[in-house]
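Coordinates in review
Chain residues, written in single-letter form:
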Amino acid sequence: MDLPAYTPDDAAVPDGVVVVERSCTGQDLGPMLNRTAADVVRFLMEQGEMVTATQSLSDDMIELFAAELGVEIRMVDPGEEQEVELLKLLDVVDDLEDDEAPIRPPIVTVMGHVDHGKTLLLDRIRNANVVDDEAGGITQHIGAYQAERNGRSLTFIDTPGHEAFTAMRARGAESTDIVVLVVAADDGVMPQTIEALSHARAADVPIIVALNKIDRDNADPQKVLSQLAEHGLVPESWGGDTIVVEVSALQNLGVDDLLDNLNVVAEIEDLRADPDGRSQGVVLESFLDVGRGPVATVLVQRGTLKVGDPLVAGAAWGRVRALVNADGKQIKSAGPSMPVQVLGLSDVADAGEGFVVAPNEKIAGRVADKRGHWRRQANIGRDAHALSGGARLEDIFTQIQKGETATLNLIVKADVNGSLEAVTESLRKLEREDVKLAFVHRAVGRITENDIQLAATSNATIIGFNVRPERKARELADVENVEIRSYEIIYKLIEDIESAMLGMLAPEFEEVVTGDAEVREIFSVPRIGRIAGCHVTNGTITRGSKVRFLRDGTIIWKGEISSLRRFKEDVREVQSGFECGIGLSDYQDLKEGDVIETFEDREIPRT
């Protein structure tokens, strides 16, 4: 039965700003705005949106209906408002600093452009080789380590240099006291150097520049100092307030000087934290270990985290089963500014989540479950519209040829949470107007048979980053014709998928003018019609070319050249400067002074 047309009534609408959850249904939205679900459905149907009262609505649909009623709304993620109550339940302390508390170690984040030597510098600081374990020598995961200098501890956070890990670097900056900006003396300030500097400034923390690779023959310290000054980092030697330390991580030069300067800055900052009470902090990284289960690398910011504590991190929770320090040794407790791995959580915690020790396990489980519920609701709503009609890479052309917006369904698996987030955000940036991405499933861990079955059901392509499919999963993928793409370097993943997406996009064309001819005389030919006697003023006029017919600079007709003659002979083309007769396919309204402009469509490389 057809619904009657929507007609706005005079019922009052709510005053002020109405808070509306994303992905709500018509049944939810209607009463919020003093309307019925049927009102919402009728209105959206008139706008060409076929929805039901129980179907999740997109942001555009919600805003469209609110605008029709003249109601101002504020869109929030499901559970966003409830999060305030959950934090009260956990009794979260907002102020992590305490002027009367003991001194704590500084948290130092090392940032900079890719391949400028951050990881090797940390390698010298903590006397352990990290860089050899990184695929391609590029840091892929955030790592936290502690070092000692003159009896004082310093905590270092190493952040990846590739632009795909912007969010991870941002989290690093938010959890830090001092930033070490590594700049290569032979390469200078690069785009990711500037990006890292922006994060450091946004965190409002002191910045020390480590001028690395000073031993290189082509090192040019003065040039780099000049570049730094252009971006507001004026060195102390130039009368500014930015500490610049010349180092060579390769030759182990200047490292002690860097540590001494970090201790001086930390002393000036007077960093303190209360080691007593329930612990709080931030999750730096998380992953799924086959033998140990979910593992989270956390940074303690307040209190002391102990084995046996009931801990909540986002939608994950559990009693701390074990704590492992940066040296791989199990410890009983971890105080402020200490990075530690936590075992015992129910799930892989999201990197960047705050963690807090709950009053008891019951509250911990209750808070995590509620958060999980609301986040699932948000994910379902966000992807519901995109997943409809989605396809895998090999099938995408069919949708484009039908003139539809193509949707590429993806399942993304990664070894750790930070990589999963970085890969997802990098892929989202590849979206185009005519090719959208829908993430059917994203998770940490190896590619399993369940992933293959889900991909087969949803027509999805599986992307694996630093993970491989199990043997049975590979065999099932062959049977179900599921495509699996595995990568270890994020550069290659992005380039590969971007190339695939560019290749599957419908060709884009631009019109290129190939010739102009001015109409000088009009001839009538029996059984053919009117012919334009023309002078070619520019380019080449070719038989069969597409034509724009201009009169006083205005396009009055578009078509094709049906005949082209010089004197009485048919010709294929006429060059500039020559006379010719032009017959147009189905246009006879010719006048002297008109201009015939020929053009062709040329494919533009997609970027």
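Counting from 1, residues in each chain are numbered in the order their sequence is written. Only residues with pLDDT of at least 70 are given local features in this predicted model, and only at 80 or more are side-chain atom pairs given and counted; all residues enter the totals for whole chains, interfaces and linings. Values reported for side chains reflect all heavy atoms of the structure, with hydrogen atoms and water molecules removed beforehand.

What follows deals with the confidence of the model for the chain. Taken as a whole, the chain shows an average pLDDT of 81; of its residues, 83% reach a score of 70 or greater. Along the chain, pLDDT gives the predictor's confidence residue by residue, from 0 to 100. Working definition: helices are DSSP H or I runs of at least four residues, strands are E runs of at least two. Numbering for both runs from the N terminus. The least confident element of the chain is helix α11 (residues 396-401), whose mean pLDDT is 47; the most confident is strand β11 (residues 305-306), at 95. The model gives residues 384-389 a pLDDT under 50, and that stretch makes 11 contacts with residues more than four places away or in other chains. Any two residues whose heavy atoms approach within 4.5 Å are treated as being in contact.

Nonpolar cores are built from buried Ala, Val, Leu, Ile, Met, Phe, Trp, Tyr and Cys residues. Side-chain atoms within 4.5 Å join them into one set. Throughout this description, buried means an accessible area under 20% of the type-specific maximum (1.4 Å probe, protein chains only), exposed means over 50%, and partly exposed covers the range between. Counting 26 residues, the largest nonpolar core has L410, V412, L427 and L493 as its most contacted members. Listing elements by their share of this core, those giving two or more residues are β14 (322-324), β19 (406-414), α12 (417-428), β20 (435-444), β21 (461-465) and α15 (490-504). If we skip the residues at most four places from it in the chain, V412 touches L420, V423, L427, F439, H441, R442, A443 and I463. Within the second largest apolar cluster, 25 residues are counted, among which are Y145, V180, A210 and L262.

Taking strand neighbours across the sheet as the criterion, the eight strands line up as β13-β12-β18-β9-β10-β17-β14-β15 in an open arrangement whose pairing is antiparallel. Two strands lie at the open edges of the sheet, namely β13 (316-319) and β15 (330-331), each paired on one side alone. In this analysis, strands are considered paired if DSSP registers two or more bridges between them. Strand direction decides the pairing type here: strand β12 (residues 310-313) and β13, joined by four bridges, are antiparallel. Of the residues in β13, the one forming a bridge with L311 is G318.

Those residues of helix α14 (residues 471-480) lying buried are A473, L476 and A477. Looking straight down α14, one finds that the buried residues subtend no more than 105° of arc, so they occupy a single side. Seen from the open side of α14, the exposed residues pointing more than 90 degrees away from its buried face are R471, D478 and V479. Phi turns positive one or two residues past the end of α14, at N481, with a value near 60°. Our arc is simply the arc of the directions from the helix axis toward the C-beta atoms.

Counting through the fold element by element, S286 comes out in strand β9 (residues 280-289). Assessed through its relative accessible area of 0%, S286 is described here as buried. With 63 residues separating them along the chain, S286 and A349 place their C-alpha atoms 6.1 Å apart. If we skip the residues at most four places from it in the chain, S286 touches V295, A296, V348, A349, A351, V416 and N417. One polar contact links the side chain of S286 to the main-chain carbonyl oxygen of A349, over a distance of 2.3 Å. Counting of polar contacts relies on pairs of N or O atoms within 3.5 Å, with two restrictions inside protein: one atom must be capable of donating a hydrogen and the other of accepting it, and residues adjacent in sequence are counted only when both atoms are side-chain atoms.

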